[in-house]
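Chain and residue survey
Now for the letters of each chain:
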Amino acid sequence: MLALLVAQNIAFYIIAALMVVGAIRVVTTKNVMHAALWLVLVLSGAAAQYILLAAEFVAITQVLVYLGAIIVLFLFGIMLTRAKTGNDDDLDNKKSAKFIGAGIGIALLGLMGYSLIDGFGDTEFGDLMVQRTAEVSDSIFSTYLLPFEVLSVLLLAALIGAIVIARRD
Amino acid sequence: MTLLLAAFDPPYWLSTLIKVVVVSAVVPTTALILGMVFLFKIMSWMQSRLGPQEAGPRGTLQLLADGVKFLQKEDISPNGADRWVFKVAPLVVLMSTLLLYVALPTSMRLVVADLDVGVFFVLAVSSLSVIGVLMAGWASANKYSLMGALRAAGQLIAYELPMVLAVVGVIIQAGTMSLNGIVFAQADGSIFGWGGIGFPYILTQFVGFFIFIAAVQAELTQPPFDMPVAESEIVSGYQVEYTGFRFLIFFLAEFATAFAFAAIAAVLFLGGWAVPWLPTSSDWYYVLGPIVLFAKVMVVAFIIFWVRFTYPRFREDQLQSLAWKVLIPLALLNIVVTAVFKVVL
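Conventions adopted
Residues numbered from 1 in each chain as written. Chains lettered and ligands numbered in written order. Predicted model: local features only at pLDDT ≥ 70, side-chain atom pairs only at ≥ 80, totals over all residues. Helix = DSSP H or I, 4+ residues; strand = E, 2+ residues; numbered from the N terminus. Rg over C-alpha atoms; globule rule 2.2 N^0.38 Å. Buried ≥ 20, exposed ≤ 12 C-beta atoms within 10 Å, placed from the backbone. Contact = placed C-beta atoms within 7 Å. Expected span 1.5 Å × (residues − 1). Bend = angle between axes of the 7 residues up to and from the residue. Axes fitted to C-alpha atoms, helices over the stretch in contact; angles between N-to-C directions. Parallel < 35°, antiparallel > 145°, perpendicular 65-115°, else oblique. Left-handed = near helix turned anticlockwise from the far one by under 90°. Nonpolar A, V, L, I, M, F, W, Y, C, P; charged D, E, K, R; others polar. pLDDT = per-residue confidence, 0-100. Core = buried A, V, L, I, M, F, W, Y, C linked by C-beta atoms within 7 Å.

1. Considerations on the overall build of chain B
A tally of helices and strands in chain B yields 13 helices and zero strands. Secondary structure elements of chain B, listed N to C terminal, follow the sequence α-α-α-α-α-α-α-α-α-α-α-α-α. Computed over the C-alpha atoms, the radius of gyration of chain B is 21 Å, within 12% of the 20 Å expected from 2.2 N^0.38 for a compact globule of 345 residues. The principal-axis extent of the C-alpha atoms belonging to chain B is close to 65 × 50 × 45 Å. Buried positions account for 47% of the 345 residues belonging to chain B. Counting contacts in chain B only where the partners sit at least 6 residues apart, residues at least 24 apart contribute 78% of the total.

Below, the structure is given as structure tokens:
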């Protein structure tokens, strides 16, 4: 068990480093298509981290929703509007916007760091109960049935709204 | 022999190494088999010609010779291309194919990773190939490539939905999303109390099977759904600027994905690696499982390629309306009927 945890830690640091590099490149690259592709690296790294945490359902959902649908939509939109290869100099934001972004980033880091340390403390991953997918679905369809149904109605309303906005007649 | 295999329990690193080697050997082999048997031989027989004759006995080594030819060619990237994205794109498509093989069970324990949500995993990773196709089309800096990639993305998104919905019927009936669990459910089932051949789900889910095969055809961008690579309209679409081994990778990925999808269809609808009368816990499946699955895959692949070789190409609007107006409502109806029967019976 201990040896496996060491391997997990090494894998975590490698994937985390890749994700950080990818995330920095998303906001610094001069090519909007490259930014979307670096985002692919960040999101697939997140999926890999979920697998390391034995949350395979969340990982697969991440792949299906973010990589399979949202990124494809991004790429599709970029290719339909500005398909030229090469760099684009007006991608950068103004200096004031950069400072606001950095401030929000630091605030988020502090908030999430605090809540993680507060919530889990010294608990190691091996001590936690690994939740199987069947248990997740059991709790969604019994304890959280009402919020789940409300959410699906909300999504349906958003879907119909999108169609209404996009219609031309 | 079978007992030896059953007693073999390697350490973690060794089993991982074996799995990596086996998957990376199996993927090109399956592509070779499908390409050889269907693309070269059966296609030529259906079209009343002989097909390749010279390389090897009855031309069976032609595809191997073609592969070597591709490997010898120069690795060219076009002048205006975004070189890095251009070079990585085929690898992204191939990665999606390799991931498909991870969840594929060839017997109870001969599987790379026996996931609880195997079906879900397969559907999720199969949608990753679109990213590679879009990368290839954009990075080529070529109008035909870009149009091909846009067509491919529109088509793959449209046919992802009927494919997922067609599988839901099987999942409801089996009560599990594990691919091995679905095999067990079919092997242990019985038809009105008669358990002679188990209960292959094609008997009740034939609508799902039809929709799944049609969606697979579209996902593979094969005729009659081959607008993304239509050579007479957009000169092979996103593949037009690729030569040598990068083109070979696209080719490998297409045929290996065809094999993987045929295998998934065999698992979901035809009982997978199990045979009737032999209980699923038998040690014989270490040898028999892959052979049985392979036989069923060849049957499903024959249907896929039969349609490929005999039907003309759809128009783009016909393709989209087939997906959204016919296949998706049909699949939803199938889910409703299956769910009602599941509750009533």
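2. Observations regarding the overall build of chain A
For chain A, the helix and strand inventory stands at six helices and zero strands. Going from the N terminus to the C terminus, chain A shows its helices and strands as α-α-α-α-α-α. In chain A, which comprises 169 residues, the proportion classed as buried is 12%. Contacts in chain A between residues far apart in sequence, at least 24 positions, make up 59% of those at least 6 positions apart.

3. Concerning helix α4 (residues 83-100) of chain B
Between its terminal C-alpha atoms α4(B) stretches 27 Å, which fits the 26 Å expected from 18 residues at 1.5 Å a residue. Within α4(B), the axis deviates most sharply at Ala89(B), by approximately 30°, and proline Pro90(B) lies no more than four positions further along. Against the buried residues of α4(B) lie α2 (32-52) of chain A together with α2 (12-46), α5 (118-126), α6 (129-139) and α11 (244-269) of chain B.

4. Points about the packing of α11(B) against helix α12 (residues 285-310) of chain B
Residues and elements named next belong to chain B. Viewed as axis vectors pointing N to C, α11 and α12 meet at an angle of 110°, and their least axial separation amounts to 8 Å. Looking at the two axes, α11 sits roughly perpendicular to α12. Where α11 crosses over α12, the two elements pack in a sense that is right-handed. Between α11 and α12, the residues in contact are Ala258, Phe259, Ala262, Ala263, Ala265 and Ala266 and Leu293, Lys296, Val297, Val300, Ala301 and Ile304, respectively. Taken together, the residues of the contact of α11 with α12 sort by class into 11 nonpolar, no polar and one charged.

5. As for the confidence of the model for chain B
Of the residues in chain B, 97% reach a pLDDT of 70 or more, and the chain-wide mean stands at 83. Confidence estimates for the predicted assembly give a pTM of 0.84 and an ipTM of 0.76.

6. Examining the nonpolar core
In this structure, Ile131(B), Phe259(B) and Ala262(B) are the most contacted members of the largest nonpolar core, which totals 119 residues. It is α11(B) that contributes the most residues to this core, 20 residues altogether. When residues no more than four places from it in sequence are discounted, the contact partners of Ile131(B) are Val40(A), Leu67(A), Ile71(A), Val72(A), Leu75(A) and Val92(B).

7. Quick notes on the interface of chain B and chain A
Taken residue by residue, the interface counts 24 residues in chain B and 20 residues in chain A. Taken together, the elements giving at least two residues each to the side of chain B that touches chain A come down to α5, α6 and α7 (143-174) of chain B. At six residues, the largest contribution of residues to the side of chain B that touches chain A is made by α6(B). Its residues assigned to classes, the side of chain B that touches chain A shows 20 nonpolar, two polar and two charged.

8. Brief notes about helix α6 (residues 145-166) of chain A
Taking 1.5 Å of rise per residue, 22 residues should cover 32 Å, and α6(A) covers 32 Å from first to last C-alpha, within 8% of that figure. With respect to burial, α6(A) is a largely exposed element, only zero of its 22 residues being buried.

9. Quick word on unusual backbone geometry
Residues and elements named next belong to chain B. The phi angle at alanine 141 is positive, at roughly 55°, despite the residue not being glycine. On the basis of neighbour count, alanine 141 is assigned to the buried category, with 20 C-beta atoms found within 10 Å. Even without a glycine there, the phi angle at threonine 221 is positive, about 45°. Of note, threonine 221 is situated in the loop between α9 (206-219) and α10 (231-234).

10. Details of the confidence of the model for chain A
Residues with a pLDDT of 70 or more make up 86% of chain A, whose mean pLDDT is 83. Per-element confidence in chain A is highest for α6(A), whose mean pLDDT is 91, and lowest for helix α5 (residues 133-140) of chain A, whose mean pLDDT is 80.

11. Section: the environment of Leu32(B)
Along the chain, Leu32(B) falls in helix α2. By the C-beta count within 10 Å, which is 18 here, Leu32(B) ends up partly exposed.

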